[in-house]
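Close look at the chain arrangement
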Amino acid sequence: MTDDLATHQFAEAVSGLAPVALRAAATLRLADHIAAGHDRLPALAERTGTDPDLLERLLRFLVCREVFTEPHPGAYGLTGLSAALLDGHPSRLRSWLDQSGIGARLDAAARGLLDALRTGRPPYQDLHGKPFYEDLAAHPSGLTFDALRSRHAEGFAAELVQAHPWPQAGHVVDLGGGTGVLLDALMRAHPHLRTTLVELPDAARAAHDRLTAAGHGDRFTTVAGSFLDPLPPGADVYTLVNVLHNWNDTDTLRILRRCAEAAAPHSTVLVVERLLDEGDPHAMTAMDLGMFLYLGGRERTLPAYRSLATTATLTHTATTPLPSGLRILTLTPARPAPRAE
């Protein structure tokens, strides 16, 4: 690497302008306007209600970084990067970056990293006055967050339904299952399955509406509550999908112990997470920091999950990879040691 190139890359990394510019483009929906044919500067400025000169300077900055193209002076096109900012893109990246929604609250917490390093405290609650989920429930952007969570769940629910040998006629308890996307998919695939969702009140109500509209009748129950409290006993399967990384080790252990207390000898507990030491290290290390900044949680390795499960009197018996990069960690109640004769 040449000195000039290294200097350029360092300047890009520390300038702080690229993330701000990208969020401005997302909030203004520039990619959608360009895709709709409003690809010239005057039309873009009119559609976005922005100053044409400053908008041109923003676009010039982003064209240089291959977010947009400028095939003709004053006319702009999409690249693979900006296509990910389209509203219909499966990643929903534009919604996460939109500074009129949840993105602004997440970004504000991320700016508290230095204080977090010094205090060991996640900054989200200190900044916004409430823990993450309580804050979103009380804030208009909470509706956006529930919708984003549902769309995210739709991306892996089918994988989960196909990858695990679910009981044909039994009881599944989904802990922190959002608006019921997984349970909807499970009951469609297994008509004799009964389910229970344990969630915070707003999400539980949304799940009840979803599952009722889907025609599942009396096959489901929604419980507005916390999975830190005692859980419905004796279910065949307890699921924790993208849940445990929200919590620190102390609370994760409490949740797993609640599962162990509720489990019958035949029960299984499915922990579905990405593993810190697998997949793209750029994405996983970013997620690891983010989980702490917003929730005080963390991403973990497989040995870390195994250790927590063992302490909670659960035994890790299998790991099943999913195409999305998630892993199903199957846990079963630990068998008591045999008595000495």
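Here's a quick rundown of the structure. Once a new chain begins, its residue numbering starts again from 1 and follows that chain's sequence as written. The predicted origin of the model limits local features to residues at a pLDDT of at least 70 and limits the giving and counting of side-chain atom pairs to 80 or more, whereas totals for whole chains, interfaces and linings rest on all residues. The side-chain figures draw on all heavy atoms in the structure; neither hydrogens nor water molecules are used.

The subject of this paragraph is the overall build of the protein chain. The numbering of helices and of strands both runs from the N terminus, where a helix is a DSSP run of H or I of at least 4 residues and a strand a run of E of at least 2. Assigned secondary structure in the protein chain consists of 17 helices and nine strands. Considered along the principal axes of its C-alpha atoms, the protein chain spans approximately 85 × 50 × 35 Å. Contacts are residue-level and defined by heavy atoms, with any inter-residue pair within 4.5 Å sufficient. Considering only residue pairs separated by 6 or more positions, the protein chain has 64% of its internal contacts joining residues 24 or more positions apart. Counting rule for charge: Lys and Arg are taken as positive, Asp and Glu as negative, and neither His nor the chain ends is counted. Where a charge lies is defined by one atom per residue type, namely NZ (Lys), CZ (Arg), CG (Asp) and CD (Glu). The positive charge centre, built from 31 side chains, and the negative charge centre, built from 39, are 4 Å apart in the protein chain.

All right, on to helix H4 (residues 41-48) then. Of the residues making up H4, those classed as buried are Leu41, Leu44, Ala45 and Thr48. Mapping the buried residues of H4 onto a view down its axis gives an arc of 100°, with all of them on the same face. Across from the buried face of H4, at angles greater than 90 degrees, the exposed residues are Pro42 and Glu46. Its buried side turned inward, H4 meets helix H3 (30-35), helix H5 (52-64) and strand S2 (75-78). Phi turns positive one or two residues past the end of H4, at glycine 49, with a value near 65°. Only protein chains enter the area calculation, which uses a 1.4 Å probe; residues under 20% of their type maximum are buried, those over 50% are exposed, and those in between are partly exposed. Here the arc refers to the set of directions running from the helix axis out to each C-beta atom.

Our next topic: helix H17 (residues 302-311). Along an α-helix, residues three or four apart share an orientation, since each turn contains 3.6 residues. Regarding H17, the residues found buried are Leu302, Tyr305, Leu308 and Ala309. Around the axis of H17, the buried residues are gathered within 130° of arc, so they sit on the same side. In H17, the exposed residues that point more than 90 degrees away from the buried face are Pro303 and Thr310. Looking at the buried residues of H17, the elements they touch are helix H15 (249-262), strand S7 (268-273), strand S8 (314-321) and strand S9 (327-333). Threonine 313 sits one or two residues past H17 and shows a positive phi near 65°.

On to the sheet that holds strand S3 (residues 171-175), then. One open sheet accounts for seven strands, arranged S5-S4-S3-S6-S7-S9-S8; its pairing is mixed. At either margin of the open sheet sits one strand with a lone partner, and together these are strand S5 (220-224) and S8. Here the strands of the sheet are splayed against their neighbours by 20° on average, with no regard to which way each runs. Taken together, the five bridges between S3 and strand S4 (residues 194-199) define a ladder with parallel strand orientation. For valine 172, the partnering residue across the bridge sits in S4 and is threonine 195. To get an axis, fit a line to the C-alpha atoms, keeping to the stretch in contact for a helix; angles then go from 0 to 180 degrees between the N-to-C directions. Of the strands in this sheet, S3, strand S6 (237-241), S7, S8 and S9 touch H15, which is tilted by about 165° from S6. When DSSP finds two or more bridges between a pair of strands, those strands are recorded as paired.

Between helix H2 (residues 17-27) and H5, the least distance of the axes is 10 Å, while the angle of their chain directions is 115°. The crossing of H2 and H5 is left-handed. Taking contact as the criterion, the partners of Leu17, Ala18, Ala21, Leu22, Ala24 and Ala25 in H2 are, on H5, Leu58, Phe61 and Leu62. Here the term charged refers only to Asp, Glu, Lys and Arg, the term nonpolar to Ala, Val, Leu, Ile, Met, Phe, Trp, Tyr, Cys and Pro, and the term polar to all other amino acids, Gly among them. Broken down by class, the residue content of the contact of H2 with H5 amounts to nine nonpolar, no polar and no charged. Put simply, a crossing is left-handed when the front helix is turned counterclockwise from the back one by less than a right angle, and right-handed when it is turned clockwise.

Counting 29 residues, the largest nonpolar core has Leu175, Leu240, Leu244, Leu256, Val269 and Val271 as the members making the most contacts within it. Broken down by secondary-structure element, the contributors of at least two residues to this core are S3, S6, H15, S7, H17 and S9. Ranked by residues supplied to this core, first place goes to H15 with six residues. Leaving out residues up to four positions away in the same chain, leucine 256 has contacts with Leu240, Leu244, Val271, Leu308, Ala309, Ala312, Leu314 and Leu331. Put simply, buried Ala, Val, Leu, Ile, Met, Phe, Trp, Tyr and Cys residues joined by side-chain atoms within 4.5 Å make one nonpolar core. Judged by nonpolar contacts, the second largest core, of 24 residues, contains Val181, Leu182, Met187 and Val272.

Quick look at the pattern of salt bridges now. The rule for a salt bridge is simple: a side-chain nitrogen of Lys or Arg has to be within 4 Å of a carboxyl oxygen of Asp or Glu. If you walk through the whole model with that rule in mind, you get 13 salt bridges. Note that aspartate 135 is salt-bridged to arginine 105, the shortest N-O span being 2.8 Å. Of the two residues, aspartate 135 is situated in helix H11 (residues 132-138) and arginine 105 in helix H8 (residues 102-110); the sequence distance between them amounts to 30 residues. The pair formed by aspartate 135 and arginine 105 is uniform in burial state, with each residue classed as buried. A salt bridge links aspartate 184 to arginine 188, with the nearest nitrogen and oxygen atoms 2.9 Å apart. Of this pair, aspartate 184 and arginine 188 both sit in helix H13 (residues 181-189), separated by four residues, roughly a single helical turn. With a relative accessible area of 9%, aspartate 184 lands in the buried category. With relative accessibility at 55%, the residue arginine 188 sits in the exposed group. Where salt bridges share partners, they join Arg29, Asp87, Arg94 and Asp98 into one cluster.

Now for the pairing of S3. Where burial is concerned, most of S3 is hidden: five out of the five residues are buried. Of the two faces of S3, the one holding His171, Val173 and Leu175 and the one holding Val172 and Asp174 are both buried throughout. For a crossover, the right-handed case is the one in which the path from the first strand over the helix to the second runs clockwise, viewed with the strands pointing away from the viewer. Between the parallel elements S3 and S4, the chain passes through H13 in a crossover that is right-handed.

Further remarks concern the packing of aromatic side chains. Aromatic contacts are taken between Phe, Tyr and Trp rings whose centres are within 6.5 Å, Trp giving its six-membered ring; a plane angle under 30 degrees counts as stacked, one over 60 as edge-to-face, and the others as tilted. Tallied over the entire structure, the rule returns four aromatic pairs. With a centroid separation of 5.1 Å and 85° between ring planes, the pair formed by phenylalanine 132 and tyrosine 133 is classed as edge-to-face. Overall, phenylalanine 132 belongs to the buried group, its relative accessible area being 6%. In this structure tyrosine 133 comes out as partly exposed when scored by relative accessible area, which is 25%. Aromatic pair phenylalanine 132 and tyrosine 294: ring centres 6.4 Å apart, planes at 25°, arrangement stacked. One end of the pair, phenylalanine 132, is in helix H11; the other, tyrosine 294, is in helix H16 (residues 281-295), and 162 residues separate them in sequence. Within the aromatic cluster, the residues linked to one another by ring pairs are Tyr124, Phe132, Tyr133 and Tyr294. One residue, arginine 65, lies across the ring of phenylalanine 61, its end atom 3.6 Å from the ring centre. Only Lys NZ and Arg CZ are tested; either one counts as a charge over a ring when it is within 6 Å of the ring centre and within 35 degrees of the ring normal.

Read these as geometric descriptors, not functional statements.
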